[in-house]
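Understanding the architecture of this molecule
Each chain, written out:
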Number of protein chains: 2
Amino acid sequence: MPVPEALTALAKILGDRLSRSKSDLDLHGRNETYFPFAPPDAVAYPETTEEVAAIARICAQHDCPMTGWGAGTSLEGHALPVRGGISVDFSRMNRVLQINPQDMDCVVQPGVTREALNQELRATGLFFPVDPGANASLGGMASTRASGTTAVRYGTMRDNVLGLEAVLADGRVIRTGTRARKSAAGYDLTGLFVGAEGTLGLITELTLKLQGQPEAISAAVCAFDEIGPAVETVIETIQMGIPMARIEFVDAATAAAVNAYSGASFPEMPHLMVEFHGSEAGVAEQAESFGALVGEHGGHGFDWSSRPEDRNALWTMRHNAYYACLATRKGATALVTDLCVPISRLAEAVEETRADIAAATIPGPILGHVGDGNFHAILLVEPGNTAELDEAKALSHRMVERALRMGGTATGEHGIGMGKLGYMDKEHGAAWDVMGALKQALDPNNLMNPGKMVRQG
Amino acid sequence: MPVPEALTALAKILGDRLSRSKSDLDLHGRNETYFPFAPPDAVAYPETTEEVAAIARICAQHDCPMTGWGAGTSLEGHALPVRGGISVDFSRMNRVLQINPQDMDCVVQPGVTREALNQELRATGLFFPVDPGANASLGGMASTRASGTTAVRYGTMRDNVLGLEAVLADGRVIRTGTRARKSAAGYDLTGLFVGAEGTLGLITELTLKLQGQPEAISAAVCAFDEIGPAVETVIETIQMGIPMARIEFVDAATAAAVNAYSGASFPEMPHLMVEFHGSEAGVAEQAESFGALVGEHGGHGFDWSSRPEDRNALWTMRHNAYYACLATRKGATALVTDLCVPISRLAEAVEETRADIAAATIPGPILGHVGDGNFHAILLVEPGNTAELDEAKALSHRMVERALRMGGTATGEHGIGMGKLGYMDKEHGAAWDVMGALKQALDPNNLMNPGKMVRQG
Ligand SMILES: Cc1cc2nc3c(=O)[nH]c(=O)nc-3n(C[C@H](O)[C@H](O)[C@H](O)COP(=O)(O)OP(=O)(O)OC[C@H]3O[C@@H](n4cnc5c(N)ncnc54)[C@H](O)[C@@H]3O)c2cc1C
Ligand SMILES: Cc1cc2nc3c(=O)[nH]c(=O)nc-3n(C[C@H](O)[C@H](O)[C@H](O)COP(=O)(O)OP(=O)(O)OC[C@H]3O[C@@H](n4cnc5c(N)ncnc54)[C@H](O)[C@@H]3O)c2cc1C
């Protein structure tokens, strides 16, 4: 039994920071959505890169799987240690190591959460823009290539990680990238680790781009009678080059859920929620141009606000939309879909999905980051009801097929984890074998988050 | 002798599109800078992906090296087939395959040049922003992770390639990415091929992001007494979030060279050249804010123009600056340096470099894409004069050391090729071995542009 030997050796270096308590194993065997409980054999809480490297060396020696754990908010069962071994929980590596205001970058440990980072940045006039709603860890966000409401303006984690430090499966420590804004020096290893879901190594440090707090921000919400004109408004906004910082879609069912959950009073119709960042005059001009487009497409209830408290209320509601939808069905768990298509196909993709869900027996409110062509259906199923879960999976399956048929992807931002592994072949074809070859090159004994990402032997 | 057998087999499928003419071998053995002549054994001119795949299969069978050739404008001897074999010249794969105006993307063959693409896009109101000055091919630009004057606003090739098709060393054809704006579906293979300098495979198709032509553009040039305040102006412009589309620095020597070459009449001082893209009001506001910063830092001769002919003249001069510098020394060849540092270190890096060159016997005008912290010295040497070339290399060496010491990179945009291979170990350490492992995984027989990028056996 290799794992027990590994645990003995790990306990020697970590002491009580190697935990086998039931509560720890339970926590790290659970996930945010519908995947079955899958606990690790132990949970390691490293505090330094050197400790992570020592953990990897011991695990390599004893053939013990290692699966990173950030905040556990991923939606496809990514962080579940499905082949046992240890969870490497980064919550104690949660320091902001450097903030470089002139260079507008910072260096953080992977366990720092998005909210904690922005809290620390507050006094500097800078902020970190990637915002998946959940208070995820930056190591986890990098590993899933997360994005969220602001990606339409500031990009995804792919665009906002300048460099990183990682511990490989054999315990070697590498650094990728630099603090320069760009580089043409060799293969883009930073980009390779971002989105690798911990299957190539454990990220122990990140250098992140920051943004200046805009001089002015304004936000608005407006309602449409139909989905089509709402999406048309988005397409034209992009084409006119109006630089929105966020543009979110919620359907009528989501609006209703948010009303019930957050005490809001949105009409039960499709909505767009937008935000602009810029100078006072710039934001005013953008608001005006956008308002005109909304009018042309029959949008109404259009209401601007540049008061921070109104904006915060709006985005808090949006961020709670997932929980609001969950709450519409008592005790439900969710299967959250995540397709992303070329924007020209977005209206069609949303409409077809809407119709498909309408014909099903389970509810599935739709919402999404429509500026990127990305949306989610939150399919609500009764835990343990396999018929419903099968129905949800069938709906999700058709959505993925739809996305691929339209030139899109099975996952815009949530990642592969366990839920999308079955689509890798279809989406990537021979390129999936190339991913397998890369995994084999960096982790030949398949110790880093095994069971994920590549073809399973 | 494996290569002759390969050539026989290749000639069978390519006919006279496999050339062994002296002029073809000469052309593909030359480079834009100081690297010695290194001709291929033959030049292949494929017209389709299938032909490229067939070429790769034949070369794999006969152990014959393959080196891609785009427009041959790279500056570090990238495209020189230093181990012989064939040059795969993409000039006949020069079709724009799709333009999708609603999605603001296009699909091109790799031999399409930047200028040809923008010509085809003219009627659509869209443009492709990455602009290295030279009329490079898009396959070459992707392969070097090129950037240029507009990267400060629109990013580098890393940010503007949505997906690609590549032929691997064994002839397999893969497709990476999709036409969706973002994806979290697996390892970022697009990013891996971008910047790989043809060492992992041959790119046969690219899906590129496009930008809308801005409603208004204005450009300006202004002079400073010293380098320091010019760079300070740049830093503050970025920090204020003024979204410049280009911000270029030229030193006094470059200004003089441009005067002589293009009949301009810049004062012989450091200059900034800037451009803003946006709405009429937005551009006016940006110009005003920038003008104020220039004034605060003692800049003068500040002059705006929104007339296209003036702007074109300005950027043509900038793009010809390399040739203008070359022309200051009759018959000279150049060693072009390419450091990139965190912007907070830029003034220091430029000043130290300036002083170092001033103490040398060879001239070396400085210019650069300062918004990214990236600048070049064009070190002019007499061909065949090894003492001068050694002096240039020593200067370049100190510049790289300076960049690395300051947290930057040996190459901001030109890439590794032959000139920077010696710095990979120092810049990347153990991560360079990881690059070697990736190369080994995808091209185990080292047939794709051998002699480049990874540790040489
Ligand atoms: C309400 C809600 C809304 C959401 N909205 C969005 C959204 O808008 N956009 C979006 O992109 N996502 C969204 N998500 C999903 C989730 O927040 C993201 O996937 C996030 O990036 C996960 O980060 P985490 O720290 O929770 O990672 P975890 O779930 O802990 O781990 C995710 C993966 O990363 C690996 N990992 C974690 N840390 C490391 C490390 N240091 N090194 C190597 N591997 C590591 C794990 O092994 C796992 O494979 C949402 C989730 C919820 C619950
Ligand atoms: C005057 C001047 C100014 C310049 N300014 C800039 C600048 O501002 N910014 C900048 O980034 N660069 C600049 N460059 C450098 C050069 O233009 C870029 O490196 C450009 O990307 C090279 O493209 P190319 O088509 O000429 O490629 P080539 O020189 O033909 O090839 C470059 C590399 O790519 C490989 N390659 C080419 N095509 C393919 C393919 N289809 N598949 C796989 N591999 C391939 C080659 O093997 C080689 O390794 C400048 C050059 C000159 C001469």
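Thresholds applied
- Residues numbered from 1 in each chain as written.
- Chains lettered and ligands numbered in written order.
- Predicted model: local features only at pLDDT ≥ 70, side-chain atom pairs only at ≥ 80, totals over all residues.
- Heavy atoms only, no water.
- UniProt positions renumbered as here; feature names shortened; annotations may be inferred.
- Pairing = 2+ DSSP bridges.
- Helix = DSSP H or I, 4+ residues; strand = E, 2+ residues; numbered from the N terminus.
- Contact = heavy atoms within 4.5 Å.
- Axes fitted to C-alpha atoms, helices over the stretch in contact; angles between N-to-C directions.
- Polar contact = N/O pair within 3.5 Å; in protein donor to acceptor, adjacent residues only side chain to side chain.
- Buried < 20%, exposed > 50% of the residue type's maximum accessible area, 1.4 Å probe, protein only.
- Domains from an automatic or database assignment.
- Buried area = accessible area lost by both parts, 1.4 Å probe.
- Salt bridge = Lys/Arg side-chain N within 4 Å of Asp/Glu carboxyl O.
- Nonpolar A, V, L, I, M, F, W, Y, C, P; charged D, E, K, R; others polar.
- Near = heavy atom within 4 Å.
- Parallel < 35°, antiparallel > 145°, perpendicular 65-115°, else oblique.
- Left-handed = near helix turned anticlockwise from the far one by under 90°.
- Areas by Shrake-Rupley, 256 points an atom, 1.4 Å probe, with all protein chains shown as cover.
- Least-squares fit on C-alpha atoms with pLDDT ≥ 70 in both.
- 1 Å grid on protein atoms, 1.4 Å probe; cavity = no way out; pocket = protein on both sides within 12 Å on 5 of 7 lines; lining within 4 Å.
- Points joined across faces, edges and corners; volume = space filled by probe spheres on them.
- Expected span 1.5 Å × (residues − 1).
- Arc of directions from axis to C-beta.

Named according to an unreviewed UniProt entry, chain A is D-lactate dehydrogenase (cytochrome) originating from Rhodovulum adriaticum. According to the UniProt record, the Sequence similarities (unreviewed entry) comment for chain A is "Belongs to the FAD-binding oxidoreductase/transferase type 4 family." Heading Cofactor (unreviewed entry) of the UniProt record for chain A holds this comment: "FAD".

**Side note on the sheet that holds strand E1 (residues 18-19) of chain B**
Residues and elements named next belong to chain B. Read from one edge to the other, the open sheet built from four strands follows the order E1-E2-E4-E3, with strand pairing classed as mixed. Looking at which strands have only one partner, the edges of the open sheet turn out to be E1 and strand E3 (66-69). Of the strand pairs in this sheet, E1 and strand E2 (residues 42-44) are connected by two bridges, and their pairing is antiparallel. Note on E2: the bridge partner recorded for Ser19 is Val43. Sitting on the sheet, helix H3 (residues 49-62) touches E2, E3 and strand E4 (86-89), and the angle it makes with E3 is about 150°.

**Let's talk about the side chain of A:Asp372**
Here A:Asp372 is to be found in the loop between strand E18 (366-369) and strand E19 (374-381). Within polar-contact distance, the side chain of A:Asp372 engages the side chain of B:Lys182 at 3.0 Å. In contact with A:Asp372, other than residues within four places in its own chain, are A:Gly148, A:Ala151, A:Val152, A:Cys340, A:Val341, B:Arg181 and B:Lys182.

**Re the environment of B:Ser265**
The topology assignment puts B:Ser265 in the loop between helix H10 (252-262) and strand E14 (271-278). C-alpha of B:Ser265 to C-alpha of B:Ala255: the two residues are ten residues apart in sequence and 8.5 Å apart in space.

**Some points on the pairing of E19(A)**
Residues and elements named next belong to chain A. By the criterion of burial, E19 is predominantly enclosed, with eight of the eight residues buried. Here E19 shows no split at all, with Asn374, His376, Ile378 and Leu380 on one side and Phe375, Ala377, Leu379 and Val381 on the other all buried. Relative to E19, strand E16 (residues 333-336) is paired through four bridges, and the arrangement is antiparallel. Looking across to E19, one finds that Ala334 is bridged to Leu380. Bridge analysis of strand E17 (residues 339-340) against E19 gives two bridges, and the strand direction is antiparallel.

**Here we look at the domain arrangement of chain A**
Many descriptions give the size of an interface as the accessible area lost when the pieces come together. Residue and element names in this part refer to chain A. Splitting chain A by domain gives domain 1 (3-89), domain 2 (96-212), domain 3 (216-405) and domain 4 (418-446). For domain 1 and domain 4, the distance between their C-alpha centroids amounts to 23 Å. If you look at the interface, domain 1 gives eight residues, while domain 4 gives five residues. Of the roughly 460 Å² buried between domain 1 and domain 4, counting both surfaces, carbon and sulfur atoms make up 55%. Between domain 1 and domain 4 we count one salt bridge in total. Salt-bridge contacts for Lys420 lead to Glu76; the nearest nitrogen and oxygen are separated by 3.4 Å. At the surface where domain 1 touches domain 4, the tally comes to two residue pairs in polar contact (both at pLDDT 80 or more). The residue makeup of the side of domain 1 that touches domain 4, split by class, is four nonpolar, one polar and three charged.

**A closer look at the UniProt feature "domain: FAD-binding PCMH-type" (unreviewed entry) in chain A**
Mapped onto the present numbering, the UniProt feature "domain: FAD-binding PCMH-type" (unreviewed entry) falls at residues 36-213 of chain A. Along residues 36-213 of chain A the backbone is 24% helical and 25% strand, and the end-to-end C-alpha distance reaches 42 Å.

**Quick word on the sheet that holds strand E6 (residues 105-108) of chain B**
All names here are of chain B. In spatial order, the strands read E5-E6-E10-E8-E9; together these five strands make up an open sheet with antiparallel pairing. The open sheet terminates on both sides in strands that have one partner only, identified here as strand E5 (96-100) and strand E9 (173-177). In this sheet, adjacent strand axes meet at a mean angle of 10° when their direction is disregarded. Where E5 and E6 come together, four bridges link them in antiparallel fashion. Its bridge partner being in E6, Val96 is matched across the sheet by Val108. Contacting strand E8 (161-167), E9 and strand E10 (202-209), H3 runs over the sheet at an angle of about 50° to E8.

**Here we look at the site of ligand 1**
Residue and element names in this part refer to chain A. Neighbouring ligand 1 are 37 residues, the closest being Gly68, Thr73, Ser74, Pro132 and Ser137. Interatomic distance of 2.6 Å between a backbone N/O atom of Gly68 and an oxygen atom of ligand 1. Within the side chain of Ser143, a nitrogen or oxygen atom sits 3.1 Å from a nitrogen atom of ligand 1. For the shell around ligand 1, the secondary-structure elements that each account for two or more residues are strand E3 (66-69), helix H5 (138-144), strand E10 (202-209) and helix H13 (321-327). Per element, the largest residue contribution to the shell around ligand 1 is five residues, and it comes from H5. Here the residues of the shell around ligand 1 are counted per class, giving 15 nonpolar, 19 polar and three charged.

**Let's talk about the packing of helix H9 (residues 227-239) of chain A against helix H14 (residues 346-358) of chain A**
Packed helix pairs are specified by the crossing angle of their axes together with the interaxial distance, meaning the distance between the axes. All names here are of chain A. Following both chains from N to C, one finds H9 and H14 inclined at 155°, their axes separated by 9 Å at the closest point. Our classification of the angle between H9 and H14 gives roughly antiparallel. Note on packing geometry: the crossing formed by H9 with H14 is right-handed. Contacts between H9 and H14 involve Ile227, Gly228 and Val231 from the former and Leu346, Ala347, Val350, Glu351 and Arg354 from the latter. Tallied by class, the residues present in the contact of H9 with H14 amount to five nonpolar, one polar and two charged.

**A look at the interface of chain B and chain A**
Opposite the 75 residues of chain B that make contact, chain A presents 75 residues. Counting the surface lost from both chain B and chain A, the interface buries some 5800 Å², and carbon and sulfur atoms represent 58% of this. It is B:Arg158, B:Lys182 and B:Tyr187 in chain B that bury the most area against chain A; as a group they hold 17% of the surface buried on that side. In this structure, the salt-bridge partner of A:Asp372 is B:Lys182, at a minimum N-O distance of 3.0 Å. Linking chain B with chain A are 35 residue pairs in polar contact (both at pLDDT 80 or more).

**Looking at the site of ligand 2**
Residues and elements named next belong to chain B. In the vicinity of ligand 2 there are 37 residues, among which Gly68, Thr73, Ser74, Pro132 and Ser137 approach most closely. One nitrogen or oxygen atom from the main chain of Glu197 is found 3.2 Å from an oxygen atom belonging to ligand 2. Residue Ile203 places a main-chain N or O atom 2.8 Å away from a nitrogen atom belonging to ligand 2. In isolation ligand 2 has 980 Å² of accessible area, and contact with the protein removes 97% of it. Those elements that provide at least two residues to the shell around ligand 2 are E3, helix H5 (138-144), E10 and helix H13 (321-327).

**Some points on the relation of the copies chain B and chain A**
Least-squares fitting of chain B to chain A yields an RMSD of 0.0 Å, with the superposition described by an axial translation of 0.0 Å and a rotation of 180°. Both chain copies can therefore be described as sitting about a two-fold axis. A symmetric contact is evident, with 100% of the interface residues of chain B recurring at the interface of chain A.

**Examining empty space enclosed by the protein**
Taking a probe equal in size to a water molecule and rolling it over the atoms shows the remaining empty space. Residue and element names in this part refer to chain A. Here the structure, examined in full by the defined rule, presents three cavities of 30 Å³ or more. What the largest cavity holds in volume is close to 40 Å³. Looking at the largest cavity, the residues that line it are Arg30, Asn31, Trp69, Gly72, Ser74, Gly77, His78, Ala79 and Leu80.

**A word on helix H17 (residues 430-442) of chain A**
If you check H17(A), its first and last C-alpha atoms are 19 Å apart, about what 13 residues at 1.5 Å a residue would give, namely 18 Å. Turning to H17(A), its buried residues number three or more, namely A:Ala431, A:Trp432, A:Val434, A:Met435, A:Leu438, A:Lys439 and A:Leu442. Within H17(A), the buried residues cover an arc of 155° as seen down the axis, which keeps them to one side. Looking at the buried residues of H17(A), the elements they touch are helix H8 (189-193) and helix H16 (424-428) of chain A together with E9, helix H8 (189-193) and helix H17 (430-442) of chain B.

**Looking at the pairing of strand E14 (residues 271-278) of chain A**
All names here are of chain A. Among the eight residues in E14, seven count as buried, and that is most of the element. Inspection of the sheet shows strand E12 (residues 216-223) paired to E14 by eight bridges, in the antiparallel sense. Pairing of Ala223 across the sheet is with His271, part of E14. Of the strand pairs in this sheet, strand E13 (residues 244-250) and E14 are connected by six bridges, and their pairing is antiparallel. Across the sheet, Ile247 pairs through a bridge with Val274, a residue of E14.

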